Amino acid sequence: MSASDSTATPASGSWIANQPYLLLCITAMCWAGNAIVGRLAAGHIPPVTLSFLRWSAAFLIILPFAWKHLARDWPVIRNNLGIMMLLSLTGISAFNTLQYWALEHTQALNTLLLQSAAPLVVALWSLILLGTRLTLAQLCGVLLSLAGVLVILLHGDLTTLSKIEFNKGDLIFIVALVIFALYSVLTLKRPKIHGLSVAAFTFGCGAALLIPFFIWEL
């Protein structure tokens, strides 16, 4: 789901680091799993608390692996603190909190329908911020993906669309998608540092930015 720089050098010489399409597929699987867990937690764990606990735990888990890279890249991060904090705010703090909040109110079907439109929102932000237009092949790919999702969800019956009701949760999730699409495009502006440095900093900073809201929620 996230945008990536095709000219960037892989952070590692390992086989998996040179398989962008496989990595993006794994990312999509994790994205789907996150939505399922968020739906299961709805009504049991408040959204800010769930987001804060998730990213705090992720930060502590990844820190031992990222520490040496983070220490080496810290001067670059400090010089690009603005964009790094913006990535933390959009991709970590805001998106996931809004997603968990939305899942307290919306249906799974609605969420899947809205998620299928995410590539179009990414393309719109790319056009606004970078002046990048979709190629014909990319547009066909996005539309084919969207059509496939619709066919699966509607079981080939277009009349099912008339039975779908959108609510408060759907509006919240639309805002979340717009924010995540912005994050996806902003990743192209991140400094050229190790991927673990990016992950560790954004996880930790994203969790820290949630602390005031976490206290308020409690």
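Residues numbered from 1 in each chain as written. Predicted model: local features only at pLDDT ≥ 70, side-chain atom pairs only at ≥ 80, totals over all residues. Heavy atoms only, no water.

Engineer: Just give me the short version of the overall build of the protein chain, but keep the residues and values in it.
Structural biologist: Counting its regular elements, the protein chain contains eight helices and zero strands. The order of α-helices and β-strands along the protein chain, N terminus first, is α-α-α-α-α-α-α-α. Scored against the burial criterion, the 218 residues of the protein chain give a buried share of 38%. Excluding contacts between residues fewer than 6 apart, the proportion of contacts in the protein chain whose partners are at least 24 apart in sequence is 88%. Carbon and sulfur atoms make up 72% of the accessible area of the protein chain, which amounts to about 12,600 Å² in all. (Helix = DSSP H or I, 4+ residues; strand = E, 2+ residues; numbered from the N terminus. Buried < 20%, exposed > 50% of the residue type's maximum accessible area, 1.4 Å probe, protein only. Contact = heavy atoms within 4.5 Å. Areas by Shrake-Rupley, 256 points an atom, 1.4 Å probe, with all protein chains shown as cover.)

Engineer: Please give an account of the packing of aromatic side chains that cites residues and values.
Structural biologist: Each aromatic ring pair is described using two quantities: the centre-to-centre distance and the angle formed by the ring planes. With the rule as written, the count across this model stands at five aromatic pairs. A centroid spacing of 4.8 Å and a plane angle of 45 degrees characterise the contact between Trp55 and Phe203, whose relative ring orientation is tilted. Of this pair, Trp55 sits in helix 2 (residues 47-79) while Phe203 sits in helix 8 (residues 195-217); the two residues are 148 residues apart in sequence, bridging distant segments of the chain. Neither Trp55 nor Phe203 differs from the other in exposure class; each is buried. Ring geometry for Trp74 against Phe201: centres 6.1 Å apart, planes inclined by 50 degrees, an arrangement best described as tilted. On the criterion of sequence distance, the pair formed by Trp74 in helix 2 and Phe201 in helix 8 is long-range, its members being 127 residues apart. Judged by relative accessible area, Trp74 falls into the partly exposed class, the value being 37%. Aromatic ring contacts, followed pair by pair, group Phe95, Phe180 and Tyr183 into a single cluster. (Phe/Tyr/Trp six-rings, centres within 6.5 Å; stacked < 30°, edge-to-face > 60°.)

Engineer: I'd like a rundown of the environment of Pro191, residues and numbers included.
Structural biologist: With respect to the helices and strands, Pro191 occurs in the loop between helix 7 (168-186) and helix 8. Setting aside residues no more than four positions away along its own chain, Pro191 makes contact with Val76, Asn80, Ile83 and Met84.

Engineer: Help me get a handle on the nonpolar core, residues and values and all.
Structural biologist: One broad rule of soluble globular proteins: the nonpolar side chains tend to lie buried together. With 36 residues, the main nonpolar core has Ile77, Met84, Leu87, Leu177, Phe201 and Phe203 as its most contacted residues. Not counting residues up to four positions away in its chain, the partners in contact with Phe203 are Trp55, Ala58, Phe59, Ile62 and Ile92. (Core = buried A, V, L, I, M, F, W, Y, C linked by side-chain atoms within 4.5 Å.)

Engineer: Requested: an account of a nonpolar patch on the surface, with residues and values cited.
Structural biologist: Taken together, the side chains of Trp15, Ile16, Leu22, Leu23 and Ile26 present a nonpolar region at the surface, about 450 Å² in accessible area. Take Trp15: it is sitting in the segment before helix 1 (20-41). On the accessibility criterion, Trp15 (58% relative accessible area) is exposed. (Patch = residues over 30% accessible without salt bridge, like charges linked within 9 Å, V, L, I, M, F, W, Y side chains within 5 Å. Salt bridge = Lys/Arg side-chain N within 4 Å of Asp/Glu carboxyl O.)

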